[in-house]
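# Examining the three-dimensional arrangement
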Amino acid sequence: MKIKKKFNILSNNLSALINYHRRKTVLGNPPSFIWIEPTNNCNLKCIMCPTGTGKIDVKKGFMDYTLYKRIIDETKEYTSAVTLAISGESLLHPEFFKMIEYASSNGVKILLNTNATLLTREKSRLLLDSGISEISFAFDGLKKGTYEKARVGADFEKTLDNILYFLRLKKEKRRKLPYAILSILELELEDYSEMEKADFLRLFDGLIDEIRSREVSTWGSTFKDTDTFSFRDNSNVYGPCSRLWSTACIAWDGDVVPCVYNANHEYVIGNIKNNRLMDIWNNEKMFRLRESMINGDYLNISPLCENCIVLGTPPIFGIPSGIRLSLADAITNVTGYGFERLALSIANRLRNGSFTAKTISE
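Attention in this report is confined to the structure presented alongside it. (Residues numbered from 1 in each chain as written. Predicted model: local features only at pLDDT ≥ 70, side-chain atom pairs only at ≥ 80, totals over all residues. Heavy atoms only, no water.)

### Some remarks on the overall build of the protein chain
Put simply, the rule reads: Numbered from the N terminus, helices here are DSSP runs of H or I no shorter than four residues, and strands are runs of E no shorter than two. C-alpha atoms define the radius of gyration in this analysis, and the globule rule sets the expected value at 2.2 Å times the number of residues to the power 0.38. When a residue's accessible area, from a 1.4 Å probe over protein chains only, is under 20% of the maximum for its type it is buried; when over 50% it is exposed; and in between it is partly exposed. Throughout, a contact is declared for two residues whenever any of their heavy atoms are within 4.5 Å. In this description, accessible areas are obtained by the Shrake-Rupley approach with a 1.4 Å probe, and a residue is regarded as covered only by the protein chains that are shown. Charged residues are defined narrowly, with Lys and Arg counted positive, Asp and Glu counted negative, and His plus the chain ends left uncounted. Charge positions are represented by NZ for Lys, CZ for Arg, CG for Asp and CD for Glu.
Scanning the protein chain from terminus to terminus reveals eleven helices and ten strands. For 362 residues, the compact-globule formula gives about 21 Å, and the C-alpha radius of gyration of the protein chain, at 19 Å, lands near that figure. C-alpha extents for the protein chain along the principal axes are approximately 50 × 45 × 40 Å. A buried classification covers 57% of the 362 residues belonging to the protein chain. Restricting the contact set of the protein chain to residue pairs at least 6 apart, pairs at least 24 apart contribute 74%. With an accessible surface of roughly 15600 Å², the protein chain has 50% of that area assigned to carbon and sulfur atoms. Each charge class in the protein chain was averaged separately, 48 positive and 43 negative side chains, and the resulting centres sit 6 Å apart.

Laid out in structure tokens, this is it:
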């Protein structure tokens, strides 16, 4: 990424923060962090995911590669990072590696969240050569029983072997990127001892960049009444939701939705096939949603926002939860990935270790 673009993106994120605090509803700053959904199909039936639990009613499909290229071409000047995942397993997309290569060749960082069950030896090699910047392996359980109870349809040993093979291959090839994270949700399905935890973490010594423990989300109100797994009941609301000032989400069929939790396209702002993203970013539906967030009557427009983890997380030094993601990404462009670890560490010190994510091993 060119130096000029790095600082433009940082400037745009600072503008987003200023616009948020000034409660502006029509924005001059573009969204610099974008989620794109290659597919909403998945090969697992995870208990904490609306796709896995059969709560997705919208049509399933795969994003057309031509449409994807159009999105990258349109947004590459102001987009810092694209996470290729929303409510499906992206490795199912037949042109997934082409997607990464096209974005990275146009100066856009690609981030991936994957369950790693489909990460074969061949796909590991393709992924390392694709130009991907960051990969987060969702591996929710330190023991076989916990993991397979959460990730229904996955095999603990096989998936663990897939991840370790990729990490060893990365080390063998002496690749600095992708920055590799093992992400473990705090589902509290089964207890484990400190010795079991240490034995598990030791498997990744010298291989992983970071292992994170993460608070589980209810996908807005989707799982707010569940007793299947543990999650934080958001008794406080720290609105408005700043993601509406900083980030954009594009589903596989081109629908633009307010955030990743709109897996059922509950509130569609527009469609990228019909309009440019910057036109959608400030259209009437987005204006009304931002205004409702400011007024506090947003549940009349978007009931899904009830109990949302983003709205339920307090700001730090005046920086709200939603903008922290895009702003941290912008700063990382300049300083490197060490900043993310430092920011997480500071956040947990300020919150007495109760921040939504924490580094438990490096």
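From this point, the discussion proceeds with the structure in view.
### Focus: the packing of aromatic side chains
Put simply, the test is: The pairing test for Phe, Tyr and Trp rings, Trp by its six-membered ring, is centres within 6.5 Å, and the orientation test on the planes gives stacked under 30 degrees, edge-to-face over 60, and tilted for anything in between. Lysine and arginine charges are scored as sitting over a ring when NZ or CZ, respectively, is within 6 Å of the ring centre and within 35 degrees of the ring normal.
Counting across every chain of the model gives 13 aromatic pairs. For the pair Phe96 and Phe97, a centre-to-centre distance of 5.6 Å together with 70° between the ring planes defines the contact as edge-to-face. Aromatic pair Tyr147 and Phe156: ring centres 5.8 Å apart, planes at 70°, arrangement edge-to-face. No difference in accessibility class separates Tyr147 from Phe156, as the two residues are buried. By way of ring pairs, the aromatic residues Phe139, Tyr147, Phe156, Phe200 and Phe204 are connected into one cluster. Seen from the ring of Tyr165, Arg121 lies directly overhead, with NZ or CZ sitting 4.1 Å from the centre.

### A word on the nonpolar core
If you look at soluble globular proteins, the nonpolar side chains tend to sit buried side by side. To keep it simple, the criterion reads: Nonpolar core, defined: a set of buried Ala, Val, Leu, Ile, Met, Phe, Trp, Tyr and Cys residues in which side-chain atoms within 4.5 Å join the residues together.
One finds Tyr68, Leu127, Leu182, Phe200 and Phe204 to be the most contacted residues of the largest nonpolar core, which totals 108 residues. If one sorts the elements of this core by residue count, helix 6 (residues 156-172) sits on top with seven residues. Discounting chain neighbours no more than four positions away, the residues touching Phe204 are Leu160, Ile163, Leu164, Leu167, Leu182 and Ile211.

### Focus on unusual backbone geometry
Of note, the amide linkage connecting Leu177 to Pro178 takes the cis form, showing an omega dihedral of 10°. Looking at the element boundaries, Pro178 is found in the loop between helix 6 and strand 5 (179-185). Residue Pro240 is reached from Gly239 by a cis peptide bond, and omega for that bond is -5°. Note on placement: Pro240 falls in the loop between strand 6 (210-214) and strand 7 (247-250). You will see that Trp219, though not glycine, has its phi angle at about 50°, which is positive. Tracing the sequence through the fold places Trp219 in the loop between strand 6 and strand 7. Exposure remark for Trp219: the relative accessible area of 12% places this residue in the buried category.

### A short note on the pairing of strand 3 (residues 109-114)
Inclusion rule: Note on pairing: DSSP must find at least two bridges between two strands before they are called paired. A crossover counts as right-handed when, viewed with the strands pointing away from the observer, the path leading from the first strand over the helix to the second turns clockwise.
Strand 3 sits mainly inside the fold: five of its six residues count as buried. Bridge analysis of strand 2 (residues 81-84) against strand 3 gives three bridges, and the strand direction is parallel. Within the sheet, the bridge partner assigned to Thr83 lies in strand 3 and is Leu111. Read as a crossover between parallel neighbours, the route from strand 2 over helix 3 (residues 96-105) to strand 3 is right-handed. The pairing of strand 3 with strand 4 (residues 134-138) spans four bridges and is classified as parallel. Within strand 4, the position partnered with Thr114 by the bridge is Phe137. Between strand 3 and its parallel partner strand 4, the chain crosses via helix 4 (residues 121-129), and the hand of that crossover is right-handed.

### Some words on the pairing of strand 2
The alternating pattern of strand 2 places Ala81 and Thr83 and Val82 and Leu84 on opposite faces, both of which are buried. Of the strand pairs in this sheet, strand 1 (residues 33-36) and strand 2 are connected by four bridges, and their pairing is parallel. Looking at strand 2, one finds that Ile36 is bridged to Leu84. Note that the unit made of strand 1, helix 2 (residues 65-75) and strand 2 has a crossover that is right-handed.

### Let's talk about the packing of helix 1 (residues 3-21) against helix 10 (residues 321-335)
Formally: Interaxial angle, 0 to 180 degrees, is taken between N-to-C directions of lines fitted to C-alpha atoms, where a helix line uses only the stretch in contact. Geometric relationships in this document are graded by angle, where less than 35 degrees denotes roughly parallel, more than 145 denotes roughly antiparallel, 65 to 115 denotes roughly perpendicular, and other angles denote oblique. We call a crossing left-handed when the near helix sits turned anticlockwise from the far one by less than a right angle, and right-handed when that turn is clockwise. By the convention adopted, Pro, Cys, Tyr, Trp, Phe, Met, Ile, Leu, Val and Ala count as nonpolar, Lys, Arg, Asp and Glu as charged, and the other residues, Gly among them, as polar.
Helix 10 packs onto helix 1 with a crossing angle of 155° between their chain directions and a minimal axis gap of 9 Å. In terms of axis orientation, helix 1 runs roughly antiparallel to helix 10. When the axes of helix 1 and helix 10 are compared, the crossing they make is left-handed. Residues Lys6, Phe7, Ile9, Leu10, Asn13, Leu14, Ala16, Leu17 and Tyr20 of helix 1 form the contact with helix 10, whose participating residues are Ile323, Ser326, Leu327, Ala330, Ile331, Asn333 and Val334. The residue inventory of the contact of helix 1 with helix 10, partitioned by class, reads twelve nonpolar, three polar and one charged.

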